[in-house]
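# Overview (structure and organization)
For reference, the chains in residue letters:
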Amino acid sequence: MPNGQHGQPSSSAQPAGGQWYPPEWPDRIRALADGALTPVEPKRAATVMLLRDTPTGPVVHMLRRRSSMAFAGGAYAYPGGGVDPRDEDHRIGWAGPDQEAWAARLGTDVRTAQAIVCGAVRETFEEAGVLLAGHTPGTVVGDTTGDDWEADRQALVGRELSFAEFLDRRGLLLRSDLLGAWARWITPEFEPRRYDTWFFVAALPEGQRTRNASTEADRTVWIRPADAAAGYDKGELLMMPPTISTLRSLEPHASAAAALSAAAGQDLAPVLARAELVDGELVLSWPGHDEFTKRVRPGGTA
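Residues numbered from 1 in each chain as written. Predicted model: local features only at pLDDT ≥ 70, side-chain atom pairs only at ≥ 80, totals over all residues. Heavy atoms only, no water.

## Here's the deal with the overall build of the protein
- Helices and strands together make up the secondary structure of the protein, namely eight helices and 14 strands.
- Counting only residues that meet the buried cut, the protein has 54% of its 302 residues in that class.
- A fraction of 71% describes how many contacts in the protein between residues 6 or more apart in sequence connect residues 24 or more apart.
- About 12,300 Å² of surface is accessible on the protein, with carbon and sulfur atoms providing 48% of the total. (Helix = DSSP H or I, 4+ residues; strand = E, 2+ residues; numbered from the N terminus. Buried < 20%, exposed > 50% of the residue type's maximum accessible area, 1.4 Å probe, protein only. Contact = heavy atoms within 4.5 Å. Areas by Shrake-Rupley, 256 points an atom, 1.4 Å probe, with all protein chains shown as cover.)

This is the structure:
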């Protein structure tokens with residue numbers, strides 16, 4: 001579930017408000033500044049903010065990572081995960097904007113764009129049981145909760161089945177037109193586990209329903225973005241910077257369709273944390289996102 005996994009803390013981290021802040025960051029930042037730490041190459045990942053409309057506005061599907069998880073335990077995130085390199089090469093049943101259009105939008109080559117979009121659709125099915133695919137360019141599959149669907153989902157999770165093979169077996173087309181690219185965040189350079197994650201927005205297809213299919217989550221919720229953000233501000237819901245940032249950016253949109261329509265105008269410039277030493281004090285910031293700035297005193301406290 002790397003959708004929120006952007007160099008965020010272990011379960012021992014102490015939140016500031018609802019923001020995770022791992023105690024090991026100051027030492028790792030100093031090691032990077034001193035040249036004693038070599039940044040790890042980030043892995044590509046994709047995550048999807050799944051929306052559905054209600055009488056009081058759209059709600060977004062979120063998962064809470066198990067508190068027992070060594071990585072970001074208790075934090076709320078979206079369905080998502082790593083990109084499967086096999087999705088770069090295989091011919092994929094495809095409907096909607098083509099791979100060239102997605103490459104232009106995501107700022108990648110065509111093969112990488114295909115893999116990222118496939119990753120977004122596959123991970124949503126793996127972790128939420130929701131499949132953005134149909135038998136024709138204008139249709140979407142209905143209920144995906146049967147035993148045969150579950151067998152395929154498990155095979156995808158175990159990487160026994162590639163996404164292209166899954167689509168071919170069922171005669172399905174990936175509906176790329178049901179996705180909108182929303183944001184891109186890269187794990188800070190001083191973190192040992194790094195991801196280059198593209199965030200997408202999508203509407204829950206009619207006839208489908210979400211379920212907690214992730215082994216890493218202990219609960220799921222449908223929640224209004226404004227309510228989730230308020231819970232974060234009160235320190236009641238723990239989140240990582242990419243998660244709360246994207247939640248806040250969803251708040252102005254009155255429907256799932258409005259959010260999808262707005263996706264084309266979203267800035268996909270990658271957000272990467274920057275650490276500086278200012279008068280002996282470490283300053284950690286995410287350009288364009290001042291609310292996450294942290295100042296760490298020489299003793300290591302924020």
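## Let's talk about the sheet that holds strand E5 (residues 94–95)
- Taken together, the three strands give an open sheet; going across it, the order is E5-E7-E6, and neighbouring strands pair in mixed fashion. What marks the edges here is a single partner per strand, and that holds for E5 and strand E6 (133–134). (Pairing = 2+ DSSP bridges.)

## Observations regarding unusual backbone geometry
- Despite not being glycine, Arg159 has its phi angle at roughly 60 degrees, a positive value.
- Examined against the element boundaries, Arg159 turns out to sit in the loop between helix H4 (147–157) and helix H5 (163–170).
- A relative accessible area of 31% places Arg159 in the partly exposed class.

## Quick word on helix H6 (residues 225–233)
- Looking at H6, one finds that the buried residues are Pro225, Ala228, Ala229, Gly231 and Tyr232. Buried residues along H6 cover an arc of 155 degrees about the axis, so they all sit on one side.
- Phi turns positive one or two residues past the end of H6, at Gly235, with a value near 80 degrees. (Arc of directions from axis to C-beta.)

## Observations concerning the nonpolar core
- By size, the foremost hydrophobic cluster in this structure holds 40 residues, and its most contacted members are Trp102, Leu106, Leu131, Phe166, Leu174, Leu179 and Phe200.
- If you list the elements that add at least two residues to this core, you get strand E1 (43–52), helix H2 (99–106), helix H3 (110–128), H4, H5, strand E8 (179–186) and strand E9 (195–203).
- Ranked by residue count, the leading element in this core is H3, at nine residues.
- Here Phe166 is in contact with Phe125, Leu131, Trp149, Asp152, Leu156 and Leu161, once residues within four sequence places are set aside. (Core = buried A, V, L, I, M, F, W, Y, C linked by side-chain atoms within 4.5 Å.)

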